[in-house]
Amino acid sequence: MFDLKYHTPFKWTEKVLADFDTFLQDHASAEKKASGMAMSMLSHYPHHKKLARAMTDLALEELIHFKQVLKLIHGRDNELGRDQKDEYITQVRKLHRHPSDQLFLDRMLIAGVIEARGFERFSLVAEALEPGKEKDFYEAIAKSEEKHKEMFVELAYEYFDKDVVDTRLEELLIDEAKICESIPFTAALH
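Cut-off values and rules
- Residues numbered from 1 in each chain as written.
- Predicted model: local features only at pLDDT ≥ 70, side-chain atom pairs only at ≥ 80, totals over all residues.
- Heavy atoms only, no water.
- Helix = DSSP H or I, 4+ residues; strand = E, 2+ residues; numbered from the N terminus.
- Buried < 20%, exposed > 50% of the residue type's maximum accessible area, 1.4 Å probe, protein only.
- Contact = heavy atoms within 4.5 Å.
- Areas by Shrake-Rupley, 256 points an atom, 1.4 Å probe, with all protein chains shown as cover.
- Lys, Arg positive; Asp, Glu negative; His and termini not counted.
- Charge placed at Lys NZ, Arg CZ, Asp CG, Glu CD.
- 1 Å grid on protein atoms, 1.4 Å probe; cavity = no way out; pocket = protein on both sides within 12 Å on 5 of 7 lines; lining within 4 Å.
- Points joined across faces, edges and corners; volume = space filled by probe spheres on them.
- Nonpolar A, V, L, I, M, F, W, Y, C, P; charged D, E, K, R; others polar.

## Some thoughts on the overall build of the protein
A tally of helices and strands in the protein yields 7 helices and 0 strands. Taken from N to C terminus, the helices and strands of the protein fall in the order α-α-α-α-α-α-α. Each of the 190 residues in the protein was classed as buried or not, and the buried ones make up 51%. Long-range contacts, defined here as pairs at least 24 residues apart, represent 83% of the contacts in the protein between residues at least 6 apart. Accessible surface for the protein amounts to roughly 9,900 Å². Of this, 53% is attributable to carbon and sulfur atoms. Across the protein, the centroid of the 27 positively charged side chains sits 3 Å from that of the 36 negatively charged ones.

The following block contains the structure:
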């Protein structure tokens, strides 16, 4: 449906593989936050029936993903740590416009862009891992993120004119690419 403007180099994947335990902690945090974001959307826009159904399903799915990542963390004899600040998410959220109709559109599109970034990076992790349960898990997670990316844009088309959605999405993709270029690589999803 759309492509990111910035393509993560393999150097990022090397950072992740060199400190996979830290990456798993960050991934768990991201899944919790994604579930919370879906609940927030549901709370703010309950009168939009398609959105309400989609966000209910998404919140549950992201929470299941969190549980699966937690199982991987515990399987490596580690404990769940505290959530860390995510500079990428902080910067991307600054792209929201604030008149209410523009904010509604931006929330959907920014969520779609974040899911697209997750799809790209989880795919890179899956490609780099040795065959086994972790590789299988990240292949499945990547496919899920790809569906979510498309879902958010389809929801935006439901509530806004296609030209408006496409124009704003292009602007957000350009801005998101600049954000990605500015953030150093760590063993974190973003």
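## Notes on the layout of surface pockets
Taken as a whole, the largest pocket encloses approximately 460 Å³ of empty space. Lining the largest pocket are 23 residues; nearest its centre among them are A34, M37, I89, R93 and I114. At the level of secondary structure, the elements contributing two or more residues to the lining of the largest pocket comprise α2 (20-44), α4 (87-93) and α5 (100-128). When residues in the lining of the largest pocket are grouped by element, the largest group, 7 residues, is from α5. Looking at the lining of the largest pocket, its residues break down into 9 nonpolar, 5 polar and 9 charged. Size it by volume and the second largest pocket reaches roughly 290 Å³. If you trace the second largest pocket, you find 20 residues lining it, with D26, Q84, K85, T186 and A188 closest to the centre. Mapped onto the lining of the second largest pocket, the elements with two or more residues apiece are α2 and α4.

## Concerning empty space enclosed by the protein
The final tally for this structure, using the stated rule, is 1 cavity of 30 Å³ or more. Of the voids in this model, the largest cavity is the one considered here, and its volume is about 50 Å³. W12, Y88, R121, C180, I183, P184, F185, T186 and H190 together form the lining of the largest cavity. Split by residue class, the lining of the largest cavity holds 6 nonpolar, 2 polar and 1 charged.

Treat this as a map of the structure, not an account of what it does.
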